[in-house]
Amino acid sequence: MSDIRFLTAPGSFHTLIDKPGQTYPGISWADIARMVSTPQAKEKIDADFFIPSTYREHDGRSHEAQRERGAFRMLALDIDRGNPSLDDVLTAVEAVCGPVSLLAYSSSGATPENRKWRVLIPLAGVLSGADYELAQTALFDLLHAHGIHPDGALARCGQPIYLPNVPIGKRNPDLSPIFYQHCIVRGGMLRLDADSAIRQEIDRRLEQYRLAAEQADRARAERERQRAERRQKFPDQVSPVDAFNADHSIEDLLARYQYERRGSSQHYRSRYQTSPSFATQNFVSHWVSLSGSDAAAGVGKSKSLGENSYCWGDAFDLFVHYEHDGDFDKAVRAYGLEISPAKSEIELPENGMDDFDYVAPQAAQEAPASAEADDIDLDSFDTPDAPEAAPDWPTLYDMFDEASIEPRRWIYAHHYLRSFVSVLASAGGIGKTSLQIVEALAIVTGRPLLGEEVKERTNVWIVNLEDPLEEIQRRVLAAMRHYGIKPAEVEGRLFVNAGRDFSLKFGIQTREGVLPNTKLVEYLCKKIPEKQIGCVFIDPFVGAHNINENDNMAVNAIVAEIRRVADETKCAIGLVHHIRKGNGEDASIDSVRGAGSLIGAARAARVVNRMSADDAAKLGIDETEARSIFRVDDGKANLAPPASAALYRKMEGVKIDNGEWIGVCLPYTLPDAFDGISGKDAKAVQRLVADAHSSGEPFRESSQSPEWIGVAVADLLGIDMTDKKGKAKISMMVKTWIKSNVLATEKIFDQKRGREISVVIVGEWINSDEVS
């Protein structure tokens, strides 16, 4: 292993994906072992990570690239559930792998009360990406039987593995870790030969898939034969099952029903599974799950395979289970009415449960396809929205009393307005959720925590459809701790619902269009006033519907339901949304993902951008500090405000009582280039410039010139130009002085260069009253 180098990178955000030709650094087994004994001391966002593959090209962080071209020489575990001891982990690993070499260490988020581990096991041979995923999954399943539950995400080829790290915030004053345990075991390398438990588990699972797939395919073919016979016998009848399967792919339904996908493969894990394996495989025409939990839950058709059971089905089987509680009759009737709404009853054959051939008869009379417009009976159309007072249109304007018009009811700055919808858009992982939590606490307490005015103190409801409830609780409590908010200020005023299983769907998209969830709207219109809630945050918007977000009409229909809630309850509703992936450029309101009708319907919209390294350098901000700073732009009012005039926020770690450090959103003010610079200093610079000009050697305006004015100013004021922050400070000062006419520029002819150049001269001299 001494000459093997695994892909490594410094920090979560480090990527070379847009830099073909470059390669990631490498790290050896010995290097990792040294780090196990002496862990790094970095914040998690900056901590080094590695991928146990020797493929280190620019696309090495891509799951697909590693699956196709990766060469893996190590298996790895990430254990963050169950609070096992180190001895428990080592005993389980030895039971599965035998007496092999390994490195084990606690992760940066571990505490004595909540132990978490990473374990690295070197391989005697090389695994391809596909074989690595099989081996990892088999290892996870075997350890599961020993009471150790690794994170299944680590089966993916490009999944980063953080190297040993104990952040400064989790160390004692003498820098020793408050909690860190590790173990280095020396033995043989793991061999995945025919006798190894992992290889046998891989082979067993592959054989199970093969047999199950063959059985399911035979059953599918027989089912299709029976359906074809029925279609031939009744050519004019429409089968809801056939229609559903024709219009819905299994891949789309697995995503809709929250199956977790392993990379871009056809392997998935259902919500019922307790093991970390991806037991469901998509065969396009049908799916097969080897999970006993899925079979026990009644998903699809259950079959036996020796001592084990599995289940299988098509797209309609998923629809039956997840949307109609396994009631086949109910599902067929519901979809039959959707595709043939003219009939209220659907005929069900006696043996329908065996062959799934439920048939919806067509309407007795159908309008001819060639019907002309004059043949349509306009009186038969129901027009409930037609205004009763239509004959009185147009209405004469007679409202001239300005004072009687109710003012707009802004709640917080100019972001949240009663009876209207607002949008906050950002890429993932910058800080928009933390920003909104602090804004919620500001509204609840009436305190301007971020420096923006709270115009009305009111109750707030946070709805997070992306993160577990515990994560939102951590963030709320960390923010309260930082801002000194007592529970009494929040109790009875803040409402929180979160969790990946929590559902708040305003509508679904069907073949006939968008079907609004009127019951939900009615419930919200009742509950929001009942709880005296003035502001509702929904994060993210994509979790609040089941529609195509690129369909303007569909998005409009969903937003109309949300606006209806805002209008009827007089509350402000803030939607958090994602932006499209860009090419490194700042996002604007035009970058918001999906159809533009969402932004069109919003009263206010903001876009969040992380501070770039270039902006940090220009503003004299340390690159490390800049990673935690982001800019919030008013997207409706100004698509691209200048960096110096924008609103900035910063994420900062706050330690809560469970020992964890949680990111909290704080107000942030850009550094002032003129801190420590007086009017007397500015006048000294003017004298310096005047002397140089009168001597015939004026300073240059261009920072690329050796005679740049900035060099002389730095020397005069004692500012270190070798430091990035120092150079940025000088550059900003010179530009500001030129802009404010303390200095000016003029063109002169340079005899040496044979062309005009721009030099710096004194602008308007500073008078004695301005010198301090």
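These figures come from a predicted structure and were not determined experimentally.

K.L.:
Explanation requested: the overall build of the protein chain in the structure shown.
P.N.:
When helices and strands are tallied, the protein chain shows 22 helices and 29 strands. Nonlocal contacts in the protein chain, meaning residues at least 24 apart in sequence, comprise 67% of its contacts between residues at least 6 apart. Per element, the accessible surface of the protein chain, about 38,800 Å² overall, is 48% carbon and sulfur.

K.L.:
Would you mind showing me how to read the sheet that holds strand β3 (residues 48–51) here?
P.N.:
Within a sheet, each strand pairs with its neighbour through backbone hydrogen bonds, oriented either parallel or antiparallel. The strand order β2-β1-β3-β7 describes an open sheet built from four strands, whose pairing is antiparallel. The open sheet is flanked by β2 (26–27) and β7 (161–162), the only strands paired with a single partner. Judged from the four bridges that link them, strand β1 (residues 6–10) and β3 form a sheet pairing that is antiparallel. Bridged to P10 within β3 is D48.

K.L.:
Just to check I follow, could you spell out a negative patch on the surface for this structure?
P.N.:
A surface patch of negative charge is lined by D622, E623, D720 and D723. Following the sequence through the fold, D720 ends up in the loop between α21 (709–717) and α22 (724–739). Exposure remark for D720: the relative accessible area of 44% places this residue in the partly exposed category.

K.L.:
Can you help me understand the packing of aromatic side chains in this one?
P.N.:
Applying the stated criterion across every chain yields a total of 13 aromatic pairs. Taken together, a centroid distance of 4.9 Å and an interplanar angle of 45° make the contact between Y416 and F537 tilted. Here the residue Y416 occupies a position in strand β16 (residues 416–417), and F537 occupies one in strand β22 (residues 533–539), the gap between them amounting to 121 residues. With relative accessibility at 2%, the residue Y416 sits in the buried group. On the basis of relative accessibility, which here comes to 1%, the residue F537 falls in the buried class. Grouping aromatic residues by their ring pairs yields a cluster made of F244, F316, F319, F328 and Y335. Sitting over the ring of F278, R269 keeps its end group 4.5 Å from the ring centre.

K.L.:
Help me understand the pattern of salt bridges, please; the structure alone is not making it clear to me.
P.N.:
Two side chains that carry opposite charge are able to pair once their charged atoms sit near each other. Counted according to the given criterion, the structure contains 25 salt bridges. With a shortest N-O distance of 2.9 Å, R474 and E660 are connected by a salt bridge. On the criterion of sequence distance, the pair formed by R474 in helix α13 (residues 469–483) and E660 in the loop between β26 (647–655) and β27 (661–668) is long-range, its members being 186 residues apart. Using a relative accessible area of 26% as the deciding quantity, one classes R474 as partly exposed. Taking the relative accessible area as the measure of exposure, E660 reaches 15% and is therefore buried.

K.L.:
Would you mind showing me how to read the side chain of R700 here?
P.N.:
Relative to the helices and strands, R700 resides in the loop between α20 (679–694) and α21. By relative accessible area, which is 15% here, R700 ends up buried. Here P698 takes part through its backbone oxygen, which lies 2.9 Å from a polar atom of the side chain of R700. When sequence neighbours within four positions are dropped, the list of residues in contact with R700 reads S705, E707, W708, I709, D750, R753, I757, S758, V759 and V760.

K.L.:
Just checking my understanding: could you explain helix α5 (residues 197–233) for this structure?
P.N.:
An α-helix turns once every 3.6 residues. As a result, residues three or four positions apart point the same way. In a regular helix each residue adds 1.5 Å, so 37 residues correspond to 54 Å; α5 covers 54 Å between its end C-alpha atoms and thus fits that length. Taken as a whole, α5 has its buried residues at I198, E201, I202, R205, Q208, Y209, A212, A213, A216, R223 and R227.

K.L.:
Is there a simple way to explain the packing of helix α6 (residues 240–247) against helix α10 (residues 328–339) in this structure?
P.N.:
Working note: a packed helix pair is described by the angle between its axes plus the distance between those axes. With their axes 9 Å apart at the nearest point, α6 and α10 run at an angle of 70° to one another. Put simply, α6 runs roughly perpendicular to α10. Counting all contacts with α6, which are made through P240, V241, A243, F244 and D247, the residues of α10 involved are F328, V332, Y335, G336 and I339. When its residues are assigned to classes, the contact of α6 with α10 shows eight nonpolar, one polar and one charged.

K.L.:
Help me out: how do you make sense of the nonpolar core in this one?
P.N.:
The nonpolar side chains of a soluble globular protein tend to be buried with one another. Counting residues in each nonpolar core, the largest one holds 61 residues, and the members touching the most others are L120 and I198. With residues near it in sequence (within four places) discarded, L120 still touches W29, I32, F50, M74, L75, A76, S101, L102, L103, Y105 and I161.

K.L.:
Which parts of the structure should I look at to understand helix α12 (residues 432–445)?
P.N.:
Along its 14 residues, α12 runs 20 Å from first to last C-alpha, staying within 8% of the 20 Å computed at 1.5 Å per residue. Backbone geometry just downstream of α12 places G446 in the positive-phi region, at approximately 80°.

K.L.:
Would you mind going over the sheet that holds strand β6 (residues 117–127) with me for this structure?
P.N.:
Taken together, the four strands give an open sheet; going across it, the order is β4-β6-β5-β8, and neighbouring strands pair in antiparallel fashion. Strands with a single pairing partner mark the edges of an open sheet, and in this sheet they are β4 (72–79) and β8 (182–185). The sheet shows a mean angle of 15° between the axes of neighbouring strands, direction not considered. Two strands pair when backbone bridges link them, and strand β5 (residues 102–106) and β8 are joined in this way by four bridges, in the antiparallel orientation. Paired with A104 across the bridge in β8 is C183. In this fold helix α4 (residues 129–144) packs onto β4 and β6, with an angle of close to 40° to the strand it touches most, β4.

K.L.:
Which parts of the structure should I look at to understand the packing of helix α15 (residues 518–530) against helix α16 (residues 552–569)?
P.N.:
Relative orientation of the contacting elements α15 and α16 amounts to 30°, with a least axis distance of 9 Å. In terms of axis orientation, α15 runs roughly parallel to α16. α16 is crossed by α15, and the crossing has right-handed handedness. Here V521, E522, L524, C525, I528 and P529 of α15 come into contact with α16, specifically with E561, R564, V565, E568 and T569. By residue class, the composition of the contact of α15 with α16 is six nonpolar, one polar and four charged.

K.L.:
Help me understand a nonpolar patch on the surface in this model?
P.N.:
There is a patch of nonpolar side chains on the surface, built from Y397, M399, F400 and I405 and spanning about 480 Å² of accessible area. Mapped onto the secondary structure, I405 falls in the loop between α11 (352–355) and β15 (410–412).

K.L.:
How should the pairing of β3 be read in this particular structure?
P.N.:
Within a regular beta strand, the side chains point alternately toward one face of the sheet and then the other, so they alternate between its two faces. The side-chain alternation of β3 yields two buried faces, one formed by D48 and F50 and the other by F49 and I51. In this structure, β3 lies alongside β7, joined through two bridges in antiparallel fashion. Across the sheet, the residue bridging to F50 is I161, located in β7.

K.L.:
Is there a simple way to think about unusual backbone geometry in this case?
P.N.:
The bulk of non-glycine residues show a negative phi, and the bulk of peptide bonds are trans. Cis peptide bonds are those with omega within 30 degrees of zero, and the linkage from D539 to P540 qualifies with 0°. Topologically, P540 is positioned in the loop between β22 and α16. The phi dihedral of L175 is positive, around 75°, even though this residue is not glycine. Looking at the element boundaries, L175 is found in the loop between β7 and β8. Assessed through its relative accessible area of 49%, L175 is described here as partly exposed.

K.L.:
Even after reading the chapter, I still don't get the side chain of E660, so can you show me in this structure?
P.N.:
A polar atom in the side chain of E660 sits 2.9 Å from the side chain of R474. Within the local environment of E660, its side chain forms a polar contact with the side chain of N658, the two groups lying 2.6 Å apart. Excluding residues within four positions of it along the chain, E660 makes contact with K170, R474, V654 and K655.

What counts as what
- Residues numbered from 1 in each chain as written.
- Predicted model: local features only at pLDDT ≥ 70, side-chain atom pairs only at ≥ 80, totals over all residues.
- Heavy atoms only, no water.
- Helix = DSSP H or I, 4+ residues; strand = E, 2+ residues; numbered from the N terminus.
- Contact = heavy atoms within 4.5 Å.
- Areas by Shrake-Rupley, 256 points an atom, 1.4 Å probe, with all protein chains shown as cover.
- Pairing = 2+ DSSP bridges.
- Patch = residues over 30% accessible without salt bridge, like charges linked within 9 Å, V, L, I, M, F, W, Y side chains within 5 Å.
- Salt bridge = Lys/Arg side-chain N within 4 Å of Asp/Glu carboxyl O.
- Lys, Arg positive; Asp, Glu negative; His and termini not counted.
- Charge placed at Lys NZ, Arg CZ, Asp CG, Glu CD.
- Buried < 20%, exposed > 50% of the residue type's maximum accessible area, 1.4 Å probe, protein only.
- Phe/Tyr/Trp six-rings, centres within 6.5 Å; stacked < 30°, edge-to-face > 60°.
- Lys NZ or Arg CZ within 6 Å of the ring centre and 35° of its normal.
- Polar contact = N/O pair within 3.5 Å; in protein donor to acceptor, adjacent residues only side chain to side chain.
- Expected span 1.5 Å × (residues − 1).
- Axes fitted to C-alpha atoms, helices over the stretch in contact; angles between N-to-C directions.
- Parallel < 35°, antiparallel > 145°, perpendicular 65-115°, else oblique.
- Nonpolar A, V, L, I, M, F, W, Y, C, P; charged D, E, K, R; others polar.
- Core = buried A, V, L, I, M, F, W, Y, C linked by side-chain atoms within 4.5 Å.
- Left-handed = near helix turned anticlockwise from the far one by under 90°.

Everything listed here is a matter of coordinates, which is why it stays silent on function.
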